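The primary structure of each chain is shown beneath.
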Amino acid sequence: MSDDQKYLDYLKRVTADLRQTRRRLHDLEERDHEPIAIVGIGCRFPGDVRGADELWRLVHAGEDAVTEFPSGRGWNVDHLYDPDPDAEGKTYTREGGFLHDAGDFDPAFFGMSPREALLIDPQQRLALETSWEALEDAGIDPHTLAGSRTGVFTGLMYHDYSGNMNSGSVASGRVSYVLGLEGPSVSIDTACSWWSGCRTRCVTVGGCSRSCGAAR
């Protein structure tokens, strides 16, 4: 083969590679402009709200979700209550917005021992439940996502639960681990924005095939 033929073959390969690179770059740029689609929702709110339909029912009916303190949590309300808002270690109200069934968690369903379930922050237990429900709401079998490029993005605050596995970074990682997801797993301290929307939603974003987002 002559040198001219070698150069020609080389230029053909380079041209083909450049065309392929250009196509891949175009696909990536197009993906960045794709809209985010919310395809499934799972949530927990005061007023026994366990889904989007129940949330709409609560809002539409104008119901009051404020109740007395839940029982069965070891709170002595008579001892905690003090009408003085400046009293330390006290609460000046006997009512609030609570998730009364927050303790009704099935650890075996998520491959977790009862002892481990007691140690983890309730925020993480709720994230597991609502992530699963959001996927089912979207018509997706959670088991089919194992090994996929599905990301988990969690916004939460407070890390004061008396356990030893309650770092904020663990929240998103726990959902990824339990569901076998291999996309990005990110937790962000969102401060006072924790009531900004339904707790968990499944969306499609660039950089991974789909994602679960949890807002505390």
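Trainee: What should I look at first to understand the overall build of the protein chain in this one?
Mentor: If you tally the helices and strands in the protein chain, you get six helices and seven strands. Traced from its N-terminal end to its C-terminal end, the protein chain shows the element sequence α-β-α-β-α-β-α-α-β-α-β-β-β. Relative to its 216 residues, the protein chain shows a buried fraction of 32%. Long-range pairs, those at least 24 residues apart, make up 67% of the contacts in the protein chain with a sequence separation of at least 6.

Trainee: Just to check I follow, could you spell out the pattern of salt bridges for this structure?
Mentor: Opposite charge on two side chains makes pairing possible when the charged atoms of those side chains draw close. Under the definition given, this model contains six salt bridges. Ionic contacts of the salt-bridge type, sharing partners, join the residues R44, E129 and E133 into one network.

Trainee: Please explain the side chain of S176 as it appears in this structure.
Mentor: Looking at the secondary structure, you find S176 in helix α6 (residues 168-179). For S176, a relative accessible area of 8% gives the class buried. Look past the residues within four positions of S176 in its chain and what remains in contact with it is V152, L181 and S185.

Trainee: Whenever I open this one, unusual backbone geometry confuses me. Can you help?
Mentor: Comment: phi is negative for the bulk of residues other than glycine, and the bulk of peptide bonds are trans. With phi around 60°, D48 is a residue other than glycine that occupies positive phi space. The topology assignment puts D48 in the loop between β1 (40-42) and α2 (52-61).

Trainee: Sorry, what's going on with the nonpolar core here?
Mentor: With 15 residues, the main nonpolar core has F105, M112, L128, V175 and L179 as its most contacted residues. Contributing elements (two or more residues each) for this core: α5 (122-137) and α6. Looking at this core element by element, the count peaks at four residues for α5. Membership of the second largest hydrophobic core comes to five residues, among which are C43, F45, V49 and L58.

Trainee: In this structure, what is going on with the packing of aromatic side chains? I would like to understand it.
Mentor: In this description, an aromatic ring pair is defined by two values, namely the gap between the centres and the angle between the planes. Enumeration over the complete set of coordinates arrives at seven aromatic pairs. On the numbers, 6.1 Å between centres and 90° between planes, the contact of F110 with W132 is edge-to-face. Residue F110 is found in the loop between β3 (95-96) and α4 (114-119), and its partner W132 is found in helix α5; the two are separated by 22 residues along the sequence. With respect to burial, F110 and W132 carry one shared label: buried. By way of ring pairs, the aromatic residues F105, F109, F110 and W132 are connected into one cluster.

Trainee: What's the story with the pairing of strand β4 (residues 150-156) in this structure? I'm lost.
Mentor: Two faces, one strand: in a regular strand the side chains alternate between the faces of the sheet. Summarising burial for β4: six of the seven residues are buried, a large majority. Examined bridge by bridge, β4 and strand β5 (residues 185-189) share five bridges and lie parallel to one another. Note on β5: the bridge partner recorded for G155 is I188.

Trainee: How should I be thinking about the side chain of D121 in this particular structure?
Mentor: Along the chain, D121 falls in the loop between α4 and α5. Residue classification places D121 among the buried residues on the basis of a relative accessible area of 6%. A polar contact is formed between the side chain of D121 and the backbone nitrogen of Q123, at a distance of 2.8 Å.

Trainee: Help me understand the packing of α5 against α6, please; the structure alone is not making it clear to me.
Mentor: Interaxial distance between α5 and α6 falls to 9 Å at its minimum, and their mutual angle equals 50°. Classed by the angle they form, the pair α5 and α6 counts as oblique. Crossing geometry of α5 relative to α6 is assigned as right-handed. Only V170, A171, R174, V175, V178 and L179 of α6 make contact with α5, whose side of the interface consists of Q124, A127, L128, S131, W132 and L135.

Trainee: How should a negative patch on the surface be read in this particular structure?
Mentor: Among the surface-exposed residues, D48, D53, E54, E136, D137 and D141 lie close enough to one another that they form a single negatively charged patch. You can see E54 is positioned in helix α2.

Thresholds, definitions, all that
Residues numbered from 1 in each chain as written. Predicted model: local features only at pLDDT ≥ 70, side-chain atom pairs only at ≥ 80, totals over all residues. Heavy atoms only, no water. Helix = DSSP H or I, 4+ residues; strand = E, 2+ residues; numbered from the N terminus. Buried < 20%, exposed > 50% of the residue type's maximum accessible area, 1.4 Å probe, protein only. Contact = heavy atoms within 4.5 Å. Salt bridge = Lys/Arg side-chain N within 4 Å of Asp/Glu carboxyl O. Core = buried A, V, L, I, M, F, W, Y, C linked by side-chain atoms within 4.5 Å. Phe/Tyr/Trp six-rings, centres within 6.5 Å; stacked < 30°, edge-to-face > 60°. Pairing = 2+ DSSP bridges. Polar contact = N/O pair within 3.5 Å; in protein donor to acceptor, adjacent residues only side chain to side chain. Axes fitted to C-alpha atoms, helices over the stretch in contact; angles between N-to-C directions. Parallel < 35°, antiparallel > 145°, perpendicular 65-115°, else oblique. Left-handed = near helix turned anticlockwise from the far one by under 90°. Patch = residues over 30% accessible without salt bridge, like charges linked within 9 Å, V, L, I, M, F, W, Y side chains within 5 Å. Areas by Shrake-Rupley, 256 points an atom, 1.4 Å probe, with all protein chains shown as cover. Lys, Arg positive; Asp, Glu negative; His and termini not counted. Charge placed at Lys NZ, Arg CZ, Asp CG, Glu CD.

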